[in-house]
Number of protein chains: 2
Amino acid sequence: MKIPPVKGTRDFYPPEMAVRNWIIDGWKKVSVRNGFEEYDGPIFEYLKMFQIKSGDEIVDQLFSLRDRGGRDLALRPEITPTLARMVNQRINSLPKPIKWFSVPRLFRAERPQKGRLREFFQWNIDIIGEDSPLADTEVIFTTVDYLREIGLTSKDIKVKVSSRELLADYLISLGIPEDKLESIYVILDKKDKLPSDTFEKILGEQIPDKNTVKKILDFMSVDSIPQLKDFVEEGSGAFLNVKCVLDNLDMMGVGDFCVYDPGIVRGLAYYTGIVFEVHDVASELRAICGGGRYDNLLQDFGGPPISGTGMGMGDAVLGILLEEKKLLQKQLPRRRLDFFLACVDEDNKEAAVKLTMKLRSAGFAANFSYKITKLGKQLKQASEQNAGKCIIIGDEFKDNKLAVKDMSSGEQELVDADEFLSGLMS
Amino acid sequence: MKIPPVKGTRDFYPPEMAVRNWIIDGWKKVSVRNGFEEYDGPIFEYLKMFQIKSGDEIVDQLFSLRDRGGRDLALRPEITPTLARMVNQRINSLPKPIKWFSVPRLFRAERPQKGRLREFFQWNIDIIGEDSPLADTEVIFTTVDYLREIGLTSKDIKVKVSSRELLADYLISLGIPEDKLESIYVILDKKDKLPSDTFEKILGEQIPDKNTVKKILDFMSVDSIPQLKDFVEEGSGAFLNVKCVLDNLDMMGVGDFCVYDPGIVRGLAYYTGIVFEVHDVASELRAICGGGRYDNLLQDFGGPPISGTGMGMGDAVLGILLEEKKLLQKQLPRRRLDFFLACVDEDNKEAAVKLTMKLRSAGFAANFSYKITKLGKQLKQASEQNAGKCIIIGDEFKDNKLAVKDMSSGEQELVDADEFLSGLMS
């Protein structure tokens, strides 16, 4: 009986697994050096947890399941609600600020398409309990630190930084009521994803006054902090905050990656301040990652009023960009064996197996050939497995000698078995 | 709104995450050095895939879900069916033997209890396409290689090796029909898990003849290969096979961990030959891991008749044993920062932040203090984060000097900032 995989999921054969490991190991390494500690939660939570603050798009795409007790559960579509739950559970004992990262596997029941899968990995970093814009900057710095580490430059990608608070201030100054803001954010977030006439039509349905719509569009096409003075008070908290983040990014040495772009709004319902996305400069892909400040989220999940700021980066769009820029080819480490043990007669097979096991126990990656074939065939196997050295156990083994072939230079030397081994172990 | 986690799942706060990472990193390291390559599949598959061969216990405990198209899916309770699917999909292009490992997250909707969780991790190693008992031995060797690596000795654990083929031969010689074998395996697998009178009662329901039951019990209490001659032909294939595996384990240097124990039957329906389990010597826990040969599985999943042998080890029982033997305390690496940047006045904060970012980009794990507090408090923070060195940016910074404090010796020296940095970078 032959059963296919489920559409929108991925099989990770060793070559694809190597890419996944390389991406995730990089996320982990950069998180640790930026002072974040790793956490994770369960793959499923109570369904209602994702209905609190995740936004309609995510709620519509939940994979839900029911346990034996009839409780409604869902596969996690994002990890931020779990983070809020876990932090709230131990809020008093955790030293602040909490700097945590995670690389959860996430699930969204959406139509599979380029850069969107039903099952994917997402790097998350969060700083909780620190109001300073320095925390927002540190999140962005860490994001750039990773992207730079894997070989992307400011010619390839841009960090677009904006502020929901500033946008709110401006919209309110235009007379838009506060309770309408959230639904307008959802529309404004689609500005670069929709044809401009469709976008303006949808926005017009929410805001009938054409002049107001025009003012919003003008505000959203600002592309530097100084231009903002035509729209908002230069002394306002929201203005100073976003200016401070961009100045800090300069100070931290990643200013060339970063621009102010009020077109960034983010779809998620819980953002309250600075928001940002990283895009490829050619702008042909979806956002590589995004994040922002969520000062009410912990409270929304039953905790105290403690602020947070964070970022999420999926592996799907990143993977496409890495392919396009040919960065995987350059950087992906190949599978490597230290030793491959070859032997051409049955009499020496036990010796080959024994030596392999000794090498492994001493920490070396080693394989032997199950089949006693011609030496050429075994050398080919050694080369396919990218062995550094091939140890050939042949006739000379009766004098306790091994032939050791360097697979890159092709050079071969005859060595005393005991001396060779004790040399390796020391 | 406060929502609890789902029962039987785990929250991994940084301390628990460190344990999980340590276990999984160890599994990966030992797999790689034993010549296995990593793969993974999706978290969910079509429900029917797990109904083919997984055995009733597993099928009863499936977490099932339905996608938008009304298709029945299930969270994977084991990865072997996925392995069979993936190998069958590329059977012609994969070089044999296929030596693969995986560390999947798995799900079983069972009652949470000691060593059993609804969500857990499991190390899987498999060798596909190699009939030789050497393959079974290599799987067992790799298992022991890991358990020995983390500090367990033959005084702590025993590998109990048995053969379903040998058991089948004996049961058939007693006149038990072949189509009854599978249901008898399920009962025999429970021998050590049930009180002996309950076990004998259940077995008696399947086998009414008391003399036959007695013979089976006698067979199952054999504890060495030589004793087998009273029950089976010493020249039979099944006998020679299990003898060869135990001899090979000796030859590989792990004989002291291994015993023959016909009480090992394994619950899963797909085993056909050698089966084994690792138990703590005190026998107070469930099996730490188990595995065996499954020569028909690929064919059952629509592939060609290719044999396989493998092992699965969960993290739950292992974790309990590690606690009991206090091995975590000894071996778990603590979180470590290379540098903590302290500064006691606002004027130098920017310099501290800048230096932190430079250190991180150069690959060092570094943190700074968000709050400008007294030096003692910041040193405490540095020590809590297990920083190797604390760099103090104080008054001397006006002369471009930094105080560098070694956190373990307590020694402190004043260094030139540029020289210090260029020394680190070189």
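Residues numbered from 1 in each chain as written. Chains lettered and ligands numbered in written order. Predicted model: local features only at pLDDT ≥ 70, side-chain atom pairs only at ≥ 80, totals over all residues.

Can you lay out the sheet that holds strand 14 (residues 366-368) of chain B for me, pointing to particular residues and giving the numbers?
Residue and element names in this part refer to chain B. Pairing is mixed across the open sheet formed by five strands, whose spatial order is 14-13-15-16-17. Edge strands, defined here as strands with exactly one partner in the open sheet, are strand 14 and strand 17 (412-416). Across the sheet, the mean angle separating the axes of adjacent strands is 25 degrees when strand polarity is ignored. In this structure, strand 15 (residues 387-393) lies alongside strand 16 (residues 401-406), joined through four bridges in antiparallel fashion. When the bridges of strand 16 are listed, Lys389 appears paired with Asp406. Packed onto the sheet, helix 13 (residues 349-361) meets strand 13 (337-343), strand 14 and strand 15 and runs at close to 165 degrees relative to strand 14. (Pairing = 2+ DSSP bridges. Helix = DSSP H or I, 4+ residues; strand = E, 2+ residues; numbered from the N terminus. Axes fitted to C-alpha atoms, helices over the stretch in contact; angles between N-to-C directions. Contact = placed C-beta atoms within 7 Å.)

Outline the sheet that holds strand 16 (residues 401-406) of chain A, listing residues and values.
Two orientations exist for strands paired in a sheet by backbone hydrogen bonds: parallel and antiparallel. Residue and element names in this part refer to chain A. Strand order in the open sheet made by the five strands is 14-13-15-16-17, with mixed pairing throughout. Looking at strand neighbours, the two that pair on one side only are strand 14 (366-368) and strand 17 (412-416), the edges of this open sheet. With strand direction ignored, the average angle separating the axes of adjacent strands in the sheet is 25 degrees. Of the strands in this sheet, strand 13 (337-343) and strand 15 (387-393) are in contact with helix 14 (residues 375-384), which crosses strand 13 at around 165 degrees. Those strands touched by helix 15 (residues 417-425) are strand 16 and strand 17, and its axis lies near 95 degrees from that of strand 17.

Kindly report on the environment of Gln89 of chain B, identifying the contributing residues and their values.
Tracing the backbone shows Gln89 of chain B in helix 3 (residues 80-89). When the C-alpha atoms of Gln89 of chain B and Lys48 of chain B are compared, they prove to be 17 Å apart, with 41 residues separating the residues in sequence.

So what's going on with the packing of helix 6 (residues 181-188) of chain B against helix 7 (residues 196-206) of chain B? Which residues, and what values?
Residue and element names in this part refer to chain B. Helix 7 packs onto helix 6 with a crossing angle of 175 degrees between their chain directions and a minimal axis gap of 10 Å. On the basis of the axis angle, helix 6 is roughly antiparallel to helix 7. Here helix 6 contributes Ser183, Ile184 and Ile187 to the contact with helix 7, which in turn contributes Ile202, Leu203 and Gln206. (Parallel < 35°, antiparallel > 145°, perpendicular 65-115°, else oblique.)

Tell me about the nonpolar core, and please be specific about residues and values.
Of all hydrophobic cores here, the largest spans 223 residues; its most connected members are Leu341 of chain A together with Leu341 of chain B. Discounting residues that sit within four places of it in the chain, Leu341 of chain B has contacts with Ala352, Leu355, Thr356, Ala366, Phe368, Ile391 and Ile393 of chain B. (Core = buried A, V, L, I, M, F, W, Y, C linked by C-beta atoms within 7 Å. Buried ≥ 20, exposed ≤ 12 C-beta atoms within 10 Å, placed from the backbone.)

Give me the environment of Leu359 of chain B: which residues, what numbers.
With respect to the helices and strands, the residue Leu359 of chain B is situated in helix 13. Sequence separation between Leu359 of chain B and Pro104 of chain B is 255 residues, and the spatial gap between their C-alpha atoms is 35 Å.

Which residues make up the pairing of strand 5 (residues 98-102) of chain B, and what values go with them?
Residue and element names in this part refer to chain B. Of all five residues in strand 5, five are buried; the element is thus mostly enclosed. Residues Ile98, Trp100 and Ser102 point to one face of strand 5 and Lys99 and Phe101 to the other, with burial holding for every one of them. Inspection of the sheet shows strand 5 paired to strand 7 (residues 119-128) by five bridges, in the antiparallel sense. Of the residues in strand 7, the one forming a bridge with Ser102 is Asn124.

Account for the relation of the copies chain A and chain B, with residues named and values stated.
The two copies are related by a screw operation: chain A maps onto chain B through 180 degrees of rotation and 0.0 Å of translation along the axis, at an RMSD of 0.0 Å. Such values leave the two copies arranged in the relation of a two-fold axis. Across chain A, the smallest distance between a C-alpha and the rotation axis is recorded for Leu65 of chain A, namely 2.5 Å. The share of interface residues of chain A whose copies in chain B are also at the interface is 100%, consistent with both copies meeting through the same surface. (Least-squares fit on C-alpha atoms with pLDDT ≥ 70 in both.)

Describe in detail the interface of chain A and chain B, supporting the description with residues and values.
You'll often see interface size given as the accessible area lost when the parts meet. Between chain A and chain B, the contact holds 68 residues from the first and 68 residues from the second. When residues of the side of chain A that touches chain B are traced back to their parent elements, those giving at least two are helix 1 (14-33), strand 1 (37-38), strand 2 (44-46), strand 3 (64-66), helix 3 (80-89), helix 4 (133-149), helix 13 (349-361) and strand 14 of chain A. Per-element tally for the side of chain A that touches chain B: the top contributor is helix 13 of chain A, with six residues. Residue classes in the side of chain A that touches chain B are distributed as 35 nonpolar, twelve polar and 21 charged. (Nonpolar A, V, L, I, M, F, W, Y, C, P; charged D, E, K, R; others polar.)

Quick one: what's the story with the domain arrangement of chain A, residue by residue and with numbers?
Taken domain by domain, chain A comprises domain 1 (14-330) and domain 2 (337-425). Spacing between the C-alpha centres of domain 1 of chain A and domain 2 of chain A amounts to 52 Å. (Domains from an automatic or database assignment.)

Report on helix 14 (residues 375-384) of chain B, specifying residues and quantitative values.
Residue and element names in this part refer to chain B. Burial in helix 14 covers these residues: Gln378, Gln381 and Ala382. For helix 14, the arc enclosing every buried residue in end-on projection is 100 degrees, short of the 170-degree limit, so these residues lie on one face. Counted as exposed and oriented over 90 degrees from the buried face of helix 14: Gly376, Lys380 and Glu384. Structurally, helix 14 contributes buried residues whose contacts are with strand 13 and strand 15. Of the residues trailing helix 14, Asn386 is marked for its positive phi of about 55 degrees. (Arc of directions from axis to C-beta.)

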